[in-house]
Amino acid sequence: MLALSTAWLAGRQRPLEDDLALLVEQGFRAFELNFVVHPLDVALFERGIARWGIQITSLHNVCAPFSESLAPDDAYGDNVAALDEEERRQSAGHLRRTAEAALRLGARAVVVHSGSIPMLKADRTYTDMLRAYAKGQVDRATVRAEMRRRMAQRQALAAPHLAQLTRTLSEVCPEFPTLRFGLESRYHYYSLPALDELTNILEQLQLDNVGYWHDCGHAQFQEHLGLCRHADWLERYGERLVGVHFHGMFTEIHDHAAPAVGNMPFEMIVSYLRPATIRVLELAPSNSLTAVVAGRDYLETLLVGQRGHALELAAV
């Protein structure tokens, strides 16, 4: 079943229950809950499950029923890799409470942002370069050469944050053996994990319920910047794939568009899916409802075709 992330509801003024009713009318029966609905009203979604038979496939950390203020980074769960031990412990608690909410709602997985490197994140010259690239003021070759330099600088800075991340996951994930935790591929180069780093994280943890969550827009952006091929993530971690965030690209660096022909190599992506892979539309609120429904219908056509191909292969 193709779920819709509550990311699409960001900034909407209507009551959440009205938005859910609207989406149910449009044929959506499964949802991923993310920080847009944090603090989480669990009872509201329990009513939705009882009333409409909706399914909650996954929760995207941080998303739980507590109202304490979150640090800017921790709204996205990034403090799971913080060097400050108090911040890391607090973020581990938020991940734990998100997992508890996931169990209450019958979700199968929690999507995890694995942190970032603050020193690199604070460098505004990177975002300035992206803006210039978007405006055609810098060519692709120049951007890719600069990103190679930045990735070399990043390598040494990442190690202590990766150690903190592994510590957090080793504390929290074993407490929830029936849930899967998917470490998401991220958009910016200063975020964790990079392609090779995920291998080391999974090997160190040795936890069956920790795997990979593929964000197709993030992987496509990394390909445009020359960091890796989009397919590298799926080739490397397809066997540990927990779920996928599906969306297309508005431009080379602007993602979360409704799926449409030509705005993402969807055929390649769906070829890596397995029956248990969680499928989520994660769309920007700038997409109209018409575009959201059309994107869902287009993607479902591809998914049905992929299932049919798998059945043909199984029969051979």
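Residues numbered from 1 in each chain as written. Predicted model: local features only at pLDDT ≥ 70, side-chain atom pairs only at ≥ 80, totals over all residues. Heavy atoms only, no water.

## Details of the overall build of the protein
Our working rule: Note on conventions: DSSP H or I runs of at least 4 residues are helices, E runs of at least 2 residues are strands, and numbering of each starts at the N terminus. The reference for a compact globule is 2.2 Å times residues^0.38; the radius of gyration itself is calculated from the C-alpha atoms. Contacts were defined at the residue level, with two residues in contact if any of their heavy atoms lie within 4.5 Å. Surface accessibility in these figures is a Shrake-Rupley result with a 1.4 Å probe; residues are shielded only by whichever protein chains are displayed.
Regarding its fold elements, the protein presents 11 helices and 10 strands. A compact globule built from 316 residues should have a C-alpha radius of gyration of about 20 Å, and the protein, at 19 Å, falls within 12% of that. Each principal axis of the C-alpha atoms in the protein carries an extent, and together these give about 55 × 50 × 45 Å. Partitioning the intrachain contacts of the protein with sequence separation of at least 6 by distance along the chain shows that 81% fall at a separation of at least 24. By element, 53% of the accessible surface of the protein is carried by carbon and sulfur atoms, the whole surface being about 13600 Å².

## Brief notes about the packing of helix 3 (residues 85-104) against helix 6 (residues 140-172)
Filter applied, for reference: Only the stretch in contact is used when fitting a helix axis, every axis being a line fitted to C-alpha atoms; angles between N-to-C directions are given from 0 to 180 degrees. When describing relative orientation, an angle under 35 degrees is termed roughly parallel and one over 145 degrees roughly antiparallel, while 65 to 115 degrees is termed roughly perpendicular and anything else oblique. Helix crossings get a hand from a simple test, with the near helix turned counterclockwise from the far one by less than a right angle marking a left-handed crossing and a clockwise turn marking a right-handed one. Only Asp, Glu, Lys and Arg are considered charged, only Ala, Val, Leu, Ile, Met, Phe, Trp, Tyr, Cys and Pro nonpolar, and every remaining residue, Gly among them, polar.
Following both chains from N to C, one finds helix 3 and helix 6 inclined at 40°, their axes separated by 10 Å at the closest point. Viewed along their axes, helix 3 and helix 6 adopt a mutual orientation that is oblique. Of the two possible hands of crossing, helix 3 and helix 6 adopt the one that is right-handed. Of the residues in helix 6, those in contact with Glu85, Arg88, Ala92, Leu95 and Arg96 of helix 3 are Gln164, Arg167, Thr168, Leu169, Glu171 and Val172. Residues of the contact of helix 3 with helix 6, tallied by class, amount to 4 nonpolar, 2 polar and 5 charged.

## Examining the confidence of the model for the protein
The predicted structure's coordinates, where accompanied by low pLDDT, should not be read in detail. Spelled out, the test is: A residue's pLDDT is simply how confident the predictor is in it, with values from 0 to 100.
With 97% of its residues at a pLDDT of 70 or more, the protein has an overall mean of 95. Scored below 50 in pLDDT, residues 310-316 shows 0 contacts in the model against residues more than four places distant or in partner chains.

## Points about the packing of helix 5 (residues 124-134) against helix 6
One can describe the packing of helix 5 onto helix 6 by two numbers: an axis separation of 11 Å at closest approach and a directional angle of 160°. Considering the angle they form, helix 5 stands roughly antiparallel to helix 6. Here helix 5 runs over helix 6; the crossing is left-handed. On helix 6, the residues touching Thr125, Tyr126, Met129 and Tyr133 of helix 5 are Arg140, Val143, Glu146, Met147 and Arg150. When the residues that make up the contact of helix 5 with helix 6 are grouped by side-chain class, the tally is 5 nonpolar, 1 polar and 3 charged.

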